[in-house]
Amino acid sequence: MVSRQQVYSSSAALQAAPRVEFGYANAHHGEIFQGVLADSGGRLRRGLVSLVCDVMTSEAIFQPDDTGIVSVDPVWKTKARRAVELTLEYLGQREVGGRLVIESTIPPRWGMGSSTSDVTAAIRAACGEIKLSPHIVAALAVQAETASDSLMFGNRAVLFAHREGVIIEDFGGALPPLEVVGFNTDPTGSGVDTLSYTPARYGWREIEAFRPLVGLMRQAVQMQSPHLAGRVATASSRINQRYLPKPHFDKIERLAEDTGALGVQVAHSGTIAGLLFDPGDPSTPERAETAKTMLDELRFTTWQFQSREL
Amino acid sequence: MKNREVDQTITDALALPRLVRLSENLFAASFVLMKLLPARFILDRARDAALIGRGSTIIETTSGTFGLALAMISALRGYNLILVSDPAIDDALKRRLEDLGCRVEIVREPAPVGGYQRARLNRMAELQAEFPDHFWPSQYDNPHNPGAYAPLAELLLEAIGHIDVLVGTVGSGGSMCGTGEYLRTVHPDLKLFGVDTPGSVLFGQPDRKRMLRGLGNSLMPQNLDHSVFDEVHWVAAAEAFRATRLLHQRHALFQGGTSGAAYMVGDWCARRNPDEKVVLILPDEGYRYQDTIYDDEWLHSQDLWLPDPPREPHLVDHPHEAGDRWTRLQWERRSYEQVIGGSFIPAQQSSSFLAGSPSAGD
């Protein structure tokens, strides 16, 4: 999938790379949309639109050496190690090895992209001063971990084929600005193992119903409308209730309505959810506080962040 | 962002409407041939399920545009299409269907109950026995008919975003129930205004001869889910024809009589609710009606000439109160039984087609 040829010429310059490289990646907060779409050839492809969240991050530190062997700390972050190996191979630096340290504040199995975040940070650290395009980072990430989120594209609104590592559609701009009150819908549960979770088998009605959602997403990005993005998120969350139901979803929807939220978004393969508000609306701070108070009463721990151009 | 693309067939190129802004808050979705959407989707699903292939026989009863859509696709894909129609079919359409390789069967006598529509279904049954391996698209009860309208909803949402009211004519229930339900996945408060005509049974009037074709029905289709409609309008032929001409005169939109009926209601709705975005479905072009709706002499000869269109509909509480003029009833998403009361209960209504079993492959 990834050709090494195009960067061979620059690999010589990399020999003199600094001894310690850093890479960062944000978490995401689940999705605004996830579903299946027919491409122009009629083939069905799974895709998602991630909601990036900069409250939590993964940081990778890579100390290259000439051993040709990559080690990782903590040792169980094998996908991140694999990502470094693939990146070095892509850069034509098979002789380079090194020590990779991952420090992440992202809880695993909540659907916040902890694995993709580690992998993306690791790839960014491994390539040092060379800046790989997000498309290449995505392809390497999917090779390293089978299915990836679209973190490497930052806040750009893209419909991302998470099992192929390619963009199905670029909506042509950033996600509309969103104020998010997030929480874990299943704080006592063990979360979701993204890879062992069987992908949803959608019926034809749902596959068709995803089309209007993507249509509205295009308008939402073009108009930078938090309101319309909220509508897409709620509809996608509702469809997902048939496959990976969030506990108390009815209550959450009512709470969204009571607090004047624009919509409800979820991690389609995780347990977190978010109430969406318009950051430009002067009543948003008060509404968000009310939402947090009400969620506290339901024994959910909450957090808050703003999605913006990163 | 998508580049402009070459369509693989004319049926793909024509499937979606042009969107035209008629006023500040009134948008028209203007089709060349709306029925291409359900015809294509129904035949695609049948093909995917290996029910049909090149050389298969397809039988349907129609005297209108659904037949034309089936004939165009059948010509392109090598299906043998037999259409059962009645004397109301116009000669030009019949010749066009036959030019596309379609066999057109005309029933000559109406059935005592159910009229020509019943007589056509009877002839259908004979043909179905004659061709046991045939496929019947069955637009009146095939869930793939309303299911076909996702690309229309996608287009409307992509281009317009928020939509408050959808106005369109009702015949099989496919376009309004289908588009309405898809739009409501993101806009649950969307209002649906269905346009019918006096003498159609769809919303509870007694069956009788109708001058306005292409909407209304003598039989109750399974695909009509009454509970999605907020308001129902009945538009008489003369009014619809006047509005068809107005649509042409004011906006240069050359459409058929059903488009006129929808325009009359949509224009009224948009004027009454200036803060709401109203979308109007215009199902087909005007060429088939050049010698009728677009001919003043013909209109006079049929006593269908109306110098001025009515400005307001007449409000009623029950379909039986509706006369032979523009009438509206606030349906308020009720079931047929809830509105009609009385003893006549039609065939069991299908519920929301989107609420069907999520994984069912039907």
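One can find the structure itself at the top, above this paragraph.
Computed from a prediction, not measured in an experiment: that's the story for all the values here.

(A) Up close: the overall build of chain B. When helices and strands are counted, chain B shows 11 helices and 11 strands. In terms of overall size, chain B behaves like a compact globule, its C-alpha atoms giving a radius of gyration of 20 Å where 362 residues would be expected to give roughly 21 Å. Referenced to the eigenvectors of the C-alpha coordinate spread, the extents of chain B come out at roughly 55 × 50 × 45 Å. For chain B, the residues scored as buried account for 49% of the 362 residues in total. Pairs at least 24 residues apart make up 69% of the contacts formed inside chain B by residues separated by at least 6 positions.

(B) A look at the sheet that holds strand 11 (residues 327-329) of chain B. Residue and element names in this part refer to chain B. On the basis of which strands lie adjacent, the open sheet formed by eight strands has the order 1-2-9-6-7-8-11-10 and mixed pairing. The strands lining the two open edges of the sheet, one partner per strand, are strand 1 (18-23) and strand 10 (314-316). On average, each strand axis in the sheet is inclined to that of its neighbour by 25 degrees, with strand direction left out of account. Relative to strand 7 (residues 191-196), strand 6 (residues 165-169) is paired through five bridges, and the arrangement is parallel. Bridging across to strand 7, threonine 169 finds its partner in valine 195. On top of the sheet, helix 6 (residues 150-160) reaches strand 1, strand 2 (26-30) and strand 9 (278-282); it is set at about 145 degrees to strand 2, its chief contact. Of the strands in this sheet, strand 6, strand 7 and strand 9 touch helix 7 (residues 174-184), which is tilted by about 165 degrees from strand 6.

(C) Looking closely at the sheet that holds strand 5 (residues 103-106) of chain B. Residues and elements named next belong to chain B. Within the open sheet, the three strands sit side by side as 3-4-5. Their pairing is parallel. The open sheet has two edge strands with one neighbour each: strand 3 (57-61) and strand 5. The sheet shows a mean angle of 20 degrees between the axes of neighbouring strands, taken without regard to direction. The pairing of strand 4 (residues 80-85) with strand 5 spans four bridges and is classified as parallel. If you follow valine 84 over to strand 5, its bridge partner there is glutamate 105.

(D) Summary view of the nonpolar core. Within the largest apolar cluster, 186 residues are counted, with the highest numbers of intra-cluster contacts made by Ala122(A), Val232(A) and Leu280(B). If you count residues domain by domain, this core takes at least three from each of domain 1 (10-34 + 144-340) and domain 2 (36-130) of chain B. Val232(A) has contacts with Ile32(A), Phe33(A), Leu213(A), Leu216(A), Met217(A), Ala220(A) and Val186(B), leaving out every residue within four places of it along the chain.

(E) Spatial organisation of helix 8 (residues 284-297) of chain A. Residues and elements named next belong to chain A. Look at helix 8: 20 Å from first C-alpha to last across 14 residues, which is about the 20 Å you get at 1.5 Å a residue. Of all the residues in helix 8, the buried ones are Arg287, Ala288, Ala291, Lys292 and Leu295. Taken down its axis, helix 8 places every buried residue within 140 degrees of arc, on the same side. For helix 8, the exposed residues lying more than 90 degrees away from the buried face are Glu286, Thr293, Asp296 and Glu297. Against strand 7 (178-184), helix 7 (249-258), strand 9 (272-277) and strand 10 (302-307) lie the buried residues of helix 8. A positive backbone phi angle near 70 degrees is found at arginine 299, which sits one or two residues after helix 8.

(F) Representation of the environment of Leu93(B) within the structure. All names here are of chain B. Along the chain, leucine 93 turns up in helix 4 (residues 91-99). For leucine 93, a count of 18 C-beta atoms within 10 Å puts it in the partly exposed group. Sequence spacing of leucine 93 and alanine 39 is 54 residues, and the spatial spacing of their C-alpha atoms is 17 Å. If near-sequence neighbours (up to four positions away) are discounted, leucine 93 is found in contact with Leu68 and Arg288.

(G) Highlighting the environment of Val228(B). Residue and element names in this part refer to chain B. The topology assignment puts valine 228 in the loop between strand 7 and strand 8 (231-234). A count of 22 C-beta atoms within 10 Å places valine 228 in the buried class. As a C-alpha pair, valine 228 and leucine 190 span 38 residues in sequence and 9.9 Å in three-dimensional space. Among residues more than four places away in sequence, those in contact with valine 228 are Cys177, Gly180, Glu181, Leu192 and Arg333.

(H) Representation of unusual backbone geometry within the structure. Cis geometry is found at the peptide bond from Asp73(A) to Pro74(A), where omega equals 0 degrees. Inspection of the secondary structure puts Pro74(A) in the loop between strand 3 (70-73) and helix 2 (78-90). Residues other than glycine seldom take positive phi values, yet Ala50(B) does so here, at roughly 60 degrees. Locating Ala50(B) in the fold gives a position in the loop between helix 2 (36-48) and strand 3. C-beta crowding within 10 Å serves as the criterion here: with 7 such atoms nearby, Ala50(B) is assigned to the exposed category. Even without being a glycine, Glu332(B) presents a positive backbone phi close to 55 degrees. The exposure class of Glu332(B) is exposed, given the 12 C-beta atoms found within 10 Å.

Procedures and definitions
- Residues numbered from 1 in each chain as written.
- Chains lettered and ligands numbered in written order.
- Predicted model: local features only at pLDDT ≥ 70, side-chain atom pairs only at ≥ 80, totals over all residues.
- Helix = DSSP H or I, 4+ residues; strand = E, 2+ residues; numbered from the N terminus.
- Rg over C-alpha atoms; globule rule 2.2 N^0.38 Å.
- Buried ≥ 20, exposed ≤ 12 C-beta atoms within 10 Å, placed from the backbone.
- Contact = placed C-beta atoms within 7 Å.
- Pairing = 2+ DSSP bridges.
- Axes fitted to C-alpha atoms, helices over the stretch in contact; angles between N-to-C directions.
- Core = buried A, V, L, I, M, F, W, Y, C linked by C-beta atoms within 7 Å.
- Domains from an automatic or database assignment.
- Expected span 1.5 Å × (residues − 1).
- Arc of directions from axis to C-beta.

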